[in-house]
Amino acid sequence: MSAVDVVPLIKAPASWPPVVSATVAMLLLAGLDVVGALAAREWVRTHSIVALSGGILAMLALFWVYASALQYADLVVVTLGWIVLLQIALVGVDVFRYGTQPSGGQWVAIGIVLAAQGYLVLSSTAVA
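Here's what I pulled together on the structure shown here. Everything numeric in this text was worked out from a predicted model, so none of it was measured.

**A short note on the overall build of the protein chain**
From N to C terminus, the protein chain includes 5 helices and 0 strands. The principal-axis extent of the C-alpha atoms belonging to the protein chain is close to 50 × 40 × 20 Å. Expressed as a percentage of contacts within the protein chain between residues at least 6 apart in sequence, the contacts between residues at least 24 apart total 76%. Accessible surface computed for the protein chain: about 8,100 Å², of which carbon and sulfur atoms make up 75%.

**Concerning the pattern of salt bridges**
Within this structure, the stated rule accounts for 2 salt bridges. In this structure, Asp 94 and Arg 41 form a salt bridge, with 3.8 Å as the shortest nitrogen-oxygen distance. You can see Asp 94 sitting in helix α4 (residues 75-96) and its partner Arg 41 sitting in helix α2 (residues 18-46), a full 53 residues away along the chain. Overall, the relative accessible area of 30% leaves Asp 94 in the partly exposed class. A relative accessible area of 43% means that Arg 41 is categorised as partly exposed. Where Arg 45 meets Glu 42, a salt bridge forms, and the shortest distance between an N and an O atom there is 3.0 Å.

**Side note on a nonpolar patch on the surface**
Nonpolar side chains collect at one region of the surface, where Val 6, Val 7, Leu 9, Ile 10 and Trp 64 lie side by side and expose about 410 Å² of accessible area between them. You can see Leu 9 is positioned in the loop between α1 (3-6) and α2.

**Side note on the packing of aromatic side chains**
Tallied over the entire structure, the rule returns 1 aromatic pair. An angle of 65 degrees between the planes, with centres 4.9 Å apart, marks the rings of Tyr 66 and Trp 82 as edge-to-face. Of this pair, Tyr 66 sits in helix α3 (residues 49-69) while Trp 82 sits in helix α4; the two residues are 16 residues apart in sequence, bridging distant segments of the chain. With a relative accessible area of 18%, Tyr 66 lands in the buried category. Across the ring face of Tyr 98, the terminal group of Arg 41 is positioned such that the distance to the ring centre comes to 3.7 Å.

**Examining the nonpolar core**
Judged by nonpolar contacts, the single largest core of 17 residues is most densely connected at Leu 29, Leu 62, Tyr 66, Ala 73, Val 78, Trp 82 and Leu 86. Considering every element that reaches this core, the biggest residue donor is α2, with 7 residues. Excluding anything up to four places from it in sequence, Val 78 contacts Met 26, Leu 29, Tyr 66, Ala 69, Leu 70 and Ala 73.

**Remarks on the environment of Ile 110**
With respect to the element layout, Ile 110 can be found in helix α5 (residues 104-123). Along the primary structure Ile 110 and Ile 88 are separated by 22 residues, whereas in three dimensions their C-alpha atoms are 8.9 Å apart.

**Digging into the packing of α2 against α4**
Think of two packed helices as two axes; the pair is described by the angle between the axes and how far apart they sit. Put simply, α2 and α4 touch, their axes get as near as 8 Å, and they point 45 degrees apart. The angle between α2 and α4 falls in the class oblique. In the crossing of α2 with α4, the sense of the turn from one axis to the other is right-handed. Together, Met 26, Leu 27, Leu 29, Ala 30, Asp 33, Val 34, Ala 37, Leu 38 and Arg 41 of α2 and Val 77, Val 78, Gly 81, Trp 82, Leu 85, Leu 86, Ala 89, Leu 90, Val 93 and Asp 94 of α4 make up the contact between the two elements. Split by residue class, the contact of α2 with α4 holds 15 nonpolar, 1 polar and 3 charged.

Procedures and definitions
Residues numbered from 1 in each chain as written. Predicted model: local features only at pLDDT ≥ 70, side-chain atom pairs only at ≥ 80, totals over all residues. Heavy atoms only, no water. Helix = DSSP H or I, 4+ residues; strand = E, 2+ residues; numbered from the N terminus. Contact = heavy atoms within 4.5 Å. Areas by Shrake-Rupley, 256 points an atom, 1.4 Å probe, with all protein chains shown as cover. Salt bridge = Lys/Arg side-chain N within 4 Å of Asp/Glu carboxyl O. Buried < 20%, exposed > 50% of the residue type's maximum accessible area, 1.4 Å probe, protein only. Patch = residues over 30% accessible without salt bridge, like charges linked within 9 Å, V, L, I, M, F, W, Y side chains within 5 Å. Phe/Tyr/Trp six-rings, centres within 6.5 Å; stacked < 30°, edge-to-face > 60°. Lys NZ or Arg CZ within 6 Å of the ring centre and 35° of its normal. Core = buried A, V, L, I, M, F, W, Y, C linked by side-chain atoms within 4.5 Å. Axes fitted to C-alpha atoms, helices over the stretch in contact; angles between N-to-C directions. Parallel < 35°, antiparallel > 145°, perpendicular 65-115°, else oblique. Left-handed = near helix turned anticlockwise from the far one by under 90°. Nonpolar A, V, L, I, M, F, W, Y, C, P; charged D, E, K, R; others polar.

Encoded structure:
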């Protein structure tokens with residue numbers, strides 16, 4: 001019995017175009033990564049076994065979704081899309097949850113980096 005038999009890849013509905021499946025996967029990856037990041041931050045702060053366990057589960061689920069996403073899009077497309085969404089989410093978490101206030105220059109840099117990464121994702125025609 002192989003690992004594929006134990007943990008099958010997630011399949012998107014057959015009616016979804018590959019671009020929709022890849023986009024949903026990118027959103028799931030970013031969401032799981034944010035959960036893992038918040039769990040790590042909480043574990044460092046409190047040494048809570050619940051936070052540690054939640055972070056571990058989030059990262060295992062992230063790996064499973066990542067592997068499954070590669071059925072629908074190439075590695076670079078999925079990874080860059082995930083990173084763009086993750087960065088947006090983490091900046092939002094830092095600003096709204098933790099009260100971090102980036103300077104004007106930092107906002108400009110964030111915008112430039114996100115625009116460049118967004119361009120790379122949107123301009124890619126590489127779909128599996």
